[in-house]
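Fold and contact review
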Amino acid sequence: MMDTLPGAAPVSRLAAAFLLAACAFGQTLQQAESLWKARQYKEAGQVFESLVKTQPKNPDIKVRYGRLLLERFNRGDAATLFQEALEIKKDHAGALLGLALVAADGFEGKAAELAHEALKADPKLLEAQELLARLALEDNNPEKAVEEADKALKLSPNALDAMAIRATIDWMDDKKESPWMAKILAINPKYGEAYATAGYFFVLNRRYEEGIELYKKAIALNPNLWSARSQLGINLMRLGREHDAREQLEIAFNNGQKDDQTTNTLNLMDSYKNFQMFETDNTILRLHKKEAEILRPYFEAELKRAIATYEKKYKIKLDRPVQLEVYPDHEDFAVRTMGMPGLGALGVTFGYVVAMDSPSGRKPGSFHWDSTLWHELSHVFVLSATRHRVPRRFTEGMAVHEETAASPDWGDRLDPNVIRAIKDKKLLPVADLDRGFIHPKYPSQVVVSYFQAGRICDYIKKNWSYDKLLAMMHDYAGGASTPEVIKKELDLAPEEFDKKFLAALEAETKKTVDGFESWTKKIREIAALAKDKKYDDVIREATAIRDVYADYVEAGSAYEFLSDAYLAKGDKVKAAAELARYSEIGGRSPALLKRLATLLEEAGRKKEAAAVLARLNFIYPQDEELHRRLGSLYLDAGKAEEAAFEFRAAVAMKPFDTATARYNLARAYRTAGKTAEAKDELLLALESAPGFRPAQKMLLELSKEETGK
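Values in this document were obtained by computation on a predicted structure and should not be read as measured data. (Residues numbered from 1 in each chain as written. Predicted model: local features only at pLDDT ≥ 70, side-chain atom pairs only at ≥ 80, totals over all residues. Heavy atoms only, no water.)

Concerning helix 33 (residues 640-652)
Worth spelling out the cut-off: Helix and strand assignments follow DSSP, with helices taken as H or I runs no shorter than four residues and strands as E runs no shorter than two, numbered in order from the N terminus. One less than the number of residues in a helix, times 1.5 Å, gives the span that helix is expected to have. To sort residues, take the accessible area from a 1.4 Å probe on protein chains only and compare it with the maximum for the residue type: under 20% means buried, over 50% means exposed, and anything in between is partly exposed. It only takes one pair of heavy atoms within 4.5 Å for two residues to be counted as in contact.
In a regular helix each residue adds 1.5 Å, so 13 residues correspond to 18 Å; helix 33 covers 18 Å between its end C-alpha atoms and thus fits that length. Within helix 33 the residues assigned to the buried category are Ala640, Ala643, Ala644, Glu646, Phe647, Ala649, Ala650, Val651 and Ala652. Looking at the buried side of helix 33, the elements it contacts are helix 17 (292-314), helix 31 (606-617), helix 32 (624-636) and helix 34 (658-671). Once helix 33 finishes, Lys654 follows within two positions and takes phi at roughly 50°, a positive value.

Given below as structure tokens:
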């Protein structure tokens, strides 16, 4: 177990040697604690390990060893030790607290429950009470946080972490000074942890600039507060201030702060040599070199289009460029965003900096990169407009709403997790919805909360207006709470709003929710029928249940089964109709969409075929065949500029047949009247394949045309 403990900065090797020598004559818990206090973590761990072996039924030793491991970035083994302690003594307060701390670090909903259990076992356990104050504030519930912090202060008037929560609440309310900080400093003039606590909450609420300043204050009070220094570096990086970030991270790392966030962030920064930066007047784009040529035209164009659209919708103009970072390796993206709650995300926003997965970082068809880009750009504008003073449920709700507003097939659809949550009455009250993002109590609650937040914004726009959403946004900027905002703008108490919204959502989804269990059974039966090639039965059964759960467009959908069956029977018209429904609702399988384009093209419906392939560009553009086919359709339609755009993308894919790819691009340039560019591409085509006759012929024709002039 001790192999997992990172090394530590030396404090007193002589003291450590003395303590270890003493341990050789009889190791004790006090000796382990003394080594720990001296920051000799490895040596302390060795003593704890020995004590656990010699006293396997002592829960106190396991708990203390677990706390050392938890402090030294080993949550997994720490949790194991806490569990082992509970097996020895089922109501061990320290073990329950340890598990609560592990859960809290992972933003798990059970953290508060475990903290309450610890307090039940030991009503005077101050740390558990202070943890409840922290958890309440994470849930964006300052009233409850004050209540829990005050309970801690009744247990001990010197409860520094409870005071830090009270000070944080003051600062988050834009009070320049807090009397609680004065009380903290009177007790411990070097307690930088108070500012670090505040920095944590400001970052959690996406107030990054203020969080950075608070971390600086923490370090000024206690320069050896390495965790705060690491967080300072990580948040400087999040805002694109990479030189300063590296300096702080390296200092922290070299002094023993070797947690995953610190280590992996430094490694990620080392990898930036493999990326390229592209700047315009209002955009900065960071792309990996291996895919920059193919992605840049699409991402840059969409980034600019989203900025222009949101400037009109939100009625604000950004005062600096937006930086978008696109990561082909999902693990790099995860490192970039590590430590944020509810992250199963595809993108994340840090003020004016957005990080997201590349389409190549996900399975083709599982990720709509453009909807993610628009989602994150909405955050940039809402955070800017509100000075970052807005609850998570509103920013996420607006972003999900804007996805559907940009294109109906982009937004969130009913998925099985949401259906079950609606059926089981698991949706949260609007005033408590942030909790679903921060401390989910069941595995899919974050996904459900995204859906609910988006539908709330949809509901407000439909029944009041989009201007009401903008008014609510500005109310939040002024410091209003969700109940105050709903009462002011909608003239409803939050409870009344919940009742009306849930009634509307349940009515809208009733057909699917009520029929879901039957649909699930039937779709399995249809899959078996399809396997047996009983196509008439597939068509009958799939047609009957398709619209019960119309939103289902994942693998094995009714649309796919119907299309396959119709094709097997030779009915291409009906096969295309089913795939068209699939595409309109939001189906994203490249194979199915390309099949639809083929069917449409064969039927002479080339404009519709081009539209389908163009949609696929926003799902998975790293597909040379896609660009080649779409370019040809555009060229046939006389859209030479659009054709050239697609043929350039095909060339950027570095296809095996480079000559044909460049020849196609030359055709588009020639049609667009760009003779010089066409000749350049023809020469490059002939460079890769000197005997390529079509390129020779066109080059000769262009030369004659020039001579004729």
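After that view, the rundown keeps rolling.
A few points about the nonpolar core
Inside soluble globular proteins, nonpolar side chains tend to come together where they are buried. Short version of the rule: Residue types Ala, Val, Leu, Ile, Met, Phe, Trp, Tyr and Cys, when buried and joined through side-chain atoms within 4.5 Å, form a set referred to as a nonpolar core.
Within the largest apolar cluster, 134 residues are counted, with the highest numbers of intra-cluster contacts made by Tyr314, Leu373, Leu377 and Phe497. Top element by residues in this core is helix 17. It accounts for 10 residues.

A few points about the packing of helix 10 (residues 160-172) against helix 12 (residues 193-204)
In a pair of packed helices, the angle between the axes and the distance between the axes together describe the arrangement. In plain terms, the rule: To get an axis, fit a line to the C-alpha atoms, keeping to the stretch in contact for a helix; angles then go from 0 to 180 degrees between the N-to-C directions. Working definition: roughly parallel below 35 degrees, roughly antiparallel above 145 degrees, roughly perpendicular at 65 to 115 degrees, and oblique for all remaining angles. What makes a crossing left-handed is the near helix being turned counterclockwise from the far one by less than a right angle; a clockwise turn instead makes it right-handed. Residue polarity follows a fixed list, in which Ala, Val, Leu, Ile, Met, Phe, Trp, Tyr, Cys and Pro are nonpolar, Asp, Glu, Lys and Arg are charged, and the others, Gly among them, are polar.
One can describe the packing of helix 10 onto helix 12 by two numbers: an axis separation of 9 Å at closest approach and a directional angle of 50°. By the angle between their directions, the pair helix 10 and helix 12 is classed as oblique. Seen along the crossing, helix 10 lies across helix 12 with a hand that is right-handed. Touching Ala164, Ile165, Thr168, Trp171 and Met172 of helix 10 are Ala194, Tyr195, Thr197, Ala198, Phe201 and Phe202, all from helix 12. Partitioning the contact of helix 10 with helix 12 into residue classes produces nine nonpolar, two polar and no charged.

Some thoughts on the pattern of salt bridges
Defined as follows: Within this document, salt bridges are pairs made up of a side-chain nitrogen of Lys or Arg and a carboxyl oxygen of Asp or Glu, the two lying within 4 Å of each other.
Under the defined criterion, the tally for this structure stands at 60 salt bridges. Note that Arg455 and Glu508 form a salt bridge whose closest N and O atoms lie 2.7 Å from each other. You can see Arg455 sitting in helix 23 (residues 445-463) and its partner Glu508 sitting in helix 26 (residues 494-531), a full 53 residues away along the chain. The class for Arg455 is buried, based on a relative accessible area of 16%. Accessibility expressed as a relative area gives 53% for Glu508, which makes it exposed. Residues Glu701 and Arg670 are paired through a salt bridge, measuring 2.9 Å at the closest nitrogen-oxygen approach. With a gap of 31 residues between them, Glu701 in helix 36 (residues 693-708) and Arg670 in helix 34 connect regions that are remote in the sequence. Connected through shared salt-bridge partners, Lys522, Glu525, Asp537, Arg540 and Glu541 make up one network.

A closer look at the sheet that holds strand 1 (residues 275-279)
Condition: Strands qualify as paired when DSSP identifies two bridges or more between them.
If you trace the five strands from one edge of the open sheet to the other, you get 1-2-3-5-4, paired in mixed fashion. At either end of the open sheet lies a strand with only one pairing partner, and these are strand 1 and strand 4 (347-350). For this sheet, the mean angle separating the axes of adjacent strands, direction not counted, is 15°. Bridge analysis of strand 1 against strand 2 (residues 283-288) gives five bridges, and the strand direction is antiparallel. When the sheet's bridge partners are listed, Phe275 is paired in strand 2 with His288.

A word on the environment of Leu665
Of note, Leu665 is situated in helix 34. Looking at Leu665, the relative accessible area reads 2%, which means it is buried. Each C-alpha atom of the pair Leu665 and Glu681 lies 6.9 Å from the other, and the pair is 16 residues apart in sequence.

Describing the packing of helix 20 (residues 392-406) against helix 23
Where helix 20 meets helix 23, the axes come as close as 7 Å, and the angle between the chain directions of the two elements is 70°. Looking at the two axes, helix 20 sits roughly perpendicular to helix 23. Between helix 20, through Arg393, Glu396, Gly397, Met398, Val400 and His401, and helix 23, the contact on the second element is made entirely by Tyr450, Ala453, Gly454, Ile456, Cys457, Asp458 and Lys461. Tallied by class, the residues present in the contact of helix 20 with helix 23 amount to six nonpolar, three polar and four charged.

Let's talk about the pairing of strand 3 (residues 322-327)
Our working rule: For the handedness criterion, the strands are oriented away from the viewer, and a crossover whose path from the first strand over the helix to the second runs clockwise is classed as right-handed.
The buried count for strand 3 comes to six of six residues, which makes it a mostly enclosed element. Here strand 3 shows a buried face lined by Val322, Leu324 and Val326 and a second buried face lined by Gln323, Glu325 and Tyr327. Relative to strand 3, strand 2 is paired through four bridges, and the arrangement is parallel. By the bridge assignment for strand 3, Leu285 is matched with Leu324. Following the chain from strand 2 across helix 17 to the adjacent parallel strand 3, one finds a crossover that is left-handed. Pairing analysis gives five bridges linking strand 3 to strand 5 (residues 353-357), with the strands arranged parallel. When the sheet's bridge partners are listed, Val326 is paired in strand 5 with Met356.

So, the side chain of Glu646
How we decide: Charge assignment: positive for Lys and Arg, negative for Asp and Glu; neither His nor the chain ends contribute. Pairing of N or O atoms within 3.5 Å defines a polar contact, subject to two protein rules: one partner must be a possible hydrogen donor and the other a possible acceptor, and residues neighboring in sequence count only if both atoms are side-chain atoms.
Position of Glu646 relative to the elements: it lies in helix 33. The buried charged residue Glu646 lacks any salt bridge, with Arg648 as its nearest oppositely charged partner at 8.8 Å. Among the polar contacts listed, one links the side chain of Glu646 to the side chain of Asn617, at a separation of 3.1 Å. Within the local environment of Glu646, its side chain forms a polar contact with the side chain of His627, the two groups lying 2.8 Å apart.

Let's talk about unusual backbone geometry
Despite not being glycine, Arg39 shows a phi value in the positive range, around 65°. Looking at the element boundaries, Arg39 is found in the loop between helix 2 (29-37) and helix 3 (41-54). For Arg39, a relative accessible area of 24% corresponds to the partly exposed category.

Some points on the environment of Leu303
Assignment of secondary structure puts Leu303 in helix 17. Accessibility expressed as a relative area gives 0% for Leu303, which makes it buried. Counting along the chain gives 23 residues from Leu303 to Val326, while the straight-line C-alpha distance between them is 12 Å. Setting aside chain neighbours within four positions, we find Leu303 in contact with Thr283, Val322, Leu324, Leu373 and Leu377.

Some points on the packing of aromatic side chains
We count it as follows: Classification of ring pairs rests on two measures: the distance between centres of Phe, Tyr or Trp rings, Trp counted by its six-membered ring, which must be within 6.5 Å, and the angle between planes, read as stacked under 30 degrees, edge-to-face over 60 and tilted in between.
As enumerated under the stated definition, the model contains 29 aromatic pairs in all. Their ring planes at 15° and their centres at 5.4 Å tell us that Trp171 and Tyr195 sit as a pair that is stacked. Here Tyr195 lies in helix 12 and Trp171 lies in helix 10, a separation of 24 residues in the sequence. Overall, Tyr195 belongs to the buried group, its relative accessible area being 13%. Each ring, one from Trp374 and one from Trp410, has its centre 6.1 Å from the other, and the planes form 65°; the classification is edge-to-face.

Here we look at helix 4 (residues 59-71)
With 13 residues, helix 4 extends 18 Å between its outermost C-alpha atoms, agreeing within 8% with the 18 Å of an ideal straight helix rising 1.5 Å per residue. Most of helix 4 sits out of view: 10 of its 13 residues are buried. Within helix 4, burial applies to Pro59, Ile61, Lys62, Val63, Tyr65, Gly66, Arg67, Leu68, Leu69 and Leu70. Tucked into the core, helix 4 has its buried residues touching helix 2, helix 3, helix 5 (75-88), helix 6 (93-105) and helix 8 (126-138). The residue sitting at the N-terminus of helix 4 and contributing the capping side-chain oxygen is Asn58; that oxygen lies 3.0 Å from the backbone nitrogen of Asp60.

Re the environment of Ala355
In this structure, Ala355 sits in strand 5. Taking relative accessible area as the criterion, Ala355 reaches 0% and is therefore assigned buried. Sequence separation between Ala355 and Tyr200 is 155 residues; the distance between their C-alpha atoms is 20 Å.

Geometric descriptors of this kind do not, in isolation, establish any biological role.
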